[in-house]
Amino acid sequence: MCGIVGYIGKKNATRTVLEGLKRLEYRGYDSAGIAAINASGDIFLKKAVGKIVSLEKKLNPIPSSTLAIAHTRWATHGEPTVENAHPHTDCKNEIFVVHNGIIENHEKIRAALLREGHTFCSSTDTEVLAHLIERCIAFGASDLAEAVEQAVRHVQGTFGLAVIYSREPAVLVGVRRGSPLLIGLGKQEYMLASDASAIVGKTRRVIYLNDNEMAVLTPFSKKIFHLLRSGARRKKELKKPVSMIDWSIEDSQKGGFDYFMEKEIFEAPSVIENALRGRIIARKGEVKLGGLDAVRNRLRDSRRLIIVACGTSYFAGLIGKYLFETFAGLPTDIAYSSEFRYQPSVMDKNTTVLAISQSGETADTLGAIREAKKRRALTLGIVNVVGSSVTREVDAGIYNYAGPEIAVASTKAFISQLSVLVLAAIYLGRMRGFLSSEKSAPILQELLSLPGQAQKILERDVHKIKEVARVYKNHNNFLYIGRKYSWPVALEGALKLKEISYIHAEGYASGEMKHGPIALIDKHFPVLVVSPRDSVYTKTLSNIQELKARGAKIIALASEGDTEIGHHVDHVMTIPKVREELSPILSVIPLQLFAYHMAVLKDHDVDKPRNLAKSVTVE
Ligand code: F6R
């Protein structure tokens, strides 16, 4: 899995898809490849392990072509090698396939094709697709499109595919089931991509394919169909809406920062503003969330909320649980999407399942939504990427409007998820009559002040945080602790540190320390304590004493004006004082910056940490 880009038209297709691949680099990958065909049907195939520059070197000079597909691969089946890189081809080197997703029954298909005499060059699941298409052509499919349609009938699993065939040098076929694919519309040219970033410099007009849809593109025409079941008669072409991409290449470039991650952390003030814009009537204490209006009645009658998410989005969900219970009085559970799918959770039509996902493409979260639908729950999404799969599968939802998040480690998305969760909890609380406007109005007023408070942290504290990072950069272990609203912040801080600096970091609820982890503590095991002045502050101070007594080096993240905490710890980072329900939106910023500077000091590729991909579209 990772990134797909395809092009058909009058420009040099090889160059165009190569540029697209470069814009997909941020997703993380381990190898890349291109297949191109010129107007006479001559074929060109190149693949390389490592960065796209290695592939580019092999392309020198860039061959001209009118049709090309390309891929960045993040290994799931088979090592990251040239053989396993996409595109994959058939026995005759005529059909070329790039694929995101997983073909679950690939071993069975491969065995059958081997028996029929096909030969394989890779250990990937994808290669079976090229041979299946070859087989369908040999058995009488009238053209490439029909062969692709027949081939995917044999396949179980998920796919976003782009396919070309040297005998049809003016046709590009795309098909999706469970893995995103969109068409970019130009003048006498079309693109296919797994992600709008790949095409945003070329066109802003796109059509998103849904599951089980196939696009057949030529330089002069675009046809989209439902995939047919065997024996079914072809229905009419689908007329699908054209969407506009409303962000620019510049939006997804670094804007003067060294890394995307740094840029995205510094976007915190505008990210909070964008999440709140037009959604608050502060004087009335009301929240407007147009995306939820259609399901208002079902939401009002919900008796239980279950949040499903992965990674950073899951930690936002943990804070969401406290918010929904505090502001809306709604019993709320939270589950990792990957576990929820298999949990025997009791659900009915009075249960609401809320999926939180930056990308809107996380396979586990999509699986969780499908499971919730099967069990009749109302499904909602909090999603950043407009038009992504989650947004199309849930009953209703709220966008983050945080803009594209390019760095693999999520930062600004977390901040916008928390902002949206506060809004959603107040919206529900007001609608269900749990929260009075007297109570909600001051919370909303304070929420509106957060962009300014975040700006203060970013203008004032970066130097200090960098200095603290310098002191700790050679440590191999870290513990992050916090209580109540600060516990998920501690978990997220630890995740950021391990993701990009590769330092082992544990996040723990402060109160749990004495039940085990405190055994680890000595002077070599530093602890970062998220300790704003909140309702559990004195308890957190006791935890700090326990740690100090065991010789721990302690960094505290405290509220401005806290003159006491400095006496008990080695370093203090501060955030402006805000009510505890809102403090995670600010307290995560210094932790993101701390992890960022640790990774920079260790000379890591901050935006593309090893072994990680931006959106995890496999289970
Ligand atoms: C961490 C990170 C991941 C994602 C997780 C869910 O920095 O980026 O843990 O948060 O893979 O992704 P989404 O939110 O796209 O569903």
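Keep in mind it's a predicted model, so treat the numbers as computed, not measured. (Residues numbered from 1 in each chain as written. Predicted model: local features only at pLDDT ≥ 70, side-chain atom pairs only at ≥ 80, totals over all residues. Heavy atoms only, no water.)

In this section: the site of the ligand. Near the ligand there are 14 residues, and of these S313, S357, Q358, S359 and T362 occur at the shortest range. Contributions of two or more residues to the shell around the ligand are made by α9 (311-328) and α17 (486-501). Residues that form the shell around the ligand fall into these classes: 4 nonpolar, 8 polar and 2 charged. Each of domain 2 (252-448) and domain 3 (458-611) gives at least three residues to the shell around the ligand. (Near = heavy atom within 4 Å. Helix = DSSP H or I, 4+ residues; strand = E, 2+ residues; numbered from the N terminus. Nonpolar A, V, L, I, M, F, W, Y, C, P; charged D, E, K, R; others polar. Domains from an automatic or database assignment.)

The next thing to look at is the packing of aromatic side chains. Taken as a whole, this structure holds 9 aromatic pairs when the rule is applied. Ring geometry for F478 and F594: centres 5.8 Å apart, planes at 70 degrees, overall edge-to-face. Taken together, the residues span a long stretch of sequence, with F478 in strand β22 (residues 477-482) and F594 in helix α19 (residues 583-601) at a distance of 116 residues. Through successive ring pairs, a cluster of aromatic residues spans Y472, F478, Y480 and F594. The ring of F139 has R135 sitting right over it, with the charged end atom 4.7 Å from the ring centre. Just above the ring of Y502 sits the side chain of R610; from NZ or CZ to the centre is 3.8 Å. (Phe/Tyr/Trp six-rings, centres within 6.5 Å; stacked < 30°, edge-to-face > 60°. Lys NZ or Arg CZ within 6 Å of the ring centre and 35° of its normal.)

For the chain, the assigned domains read domain 1 (3-245), domain 2 (252-448) and domain 3 (458-611). The C-alpha centroid of domain 3 is placed 45 Å from the C-alpha centroid of domain 1. Taken together, the contacts link 4 residues of domain 1 with 4 residues of domain 3. For the pairing of domain 1 and domain 3, the buried interface totals around 290 Å² over both sides, and the portion due to carbon and sulfur atoms is 48%. The salt bridge involving D605 is made with K51; its shortest N-O contact spans 3.5 Å. Our count for the domain 1 to domain 3 interface comes out at 0 residue pairs in polar contact (both at pLDDT 80 or more). Class assignment for the residues of the side of domain 1 that touches domain 3 results in 2 nonpolar, no polar and 2 charged. (Contact = heavy atoms within 4.5 Å. Buried area = accessible area lost by both parts, 1.4 Å probe. Salt bridge = Lys/Arg side-chain N within 4 Å of Asp/Glu carboxyl O. Polar contact = N/O pair within 3.5 Å; in protein donor to acceptor, adjacent residues only side chain to side chain.)

Read across the open sheet, the 5 strands follow the order β18-β17-β19-β20-β21; overall the sheet is parallel. Each edge of the open sheet carries a strand with a single partner, namely β18 (332-336) and β21 (396-399). When the angles between neighbouring strand axes are averaged without regard to direction, this sheet yields 20 degrees. Note that strand β20 (residues 378-383) and β21 share 4 bridges and pair parallel. Its bridge partner lying in β21, V383 is registered against Y399. Sheet contacts for α9: β17 (304-309), β18 and β19 (351-357); angle to β18, the most-contacted strand, approximately 170 degrees. Running over the sheet, helix α11 (residues 363-374) touches β17, β19 and β20 and is turned about 170 degrees from β19. (Pairing = 2+ DSSP bridges. Axes fitted to C-alpha atoms, helices over the stretch in contact; angles between N-to-C directions.)

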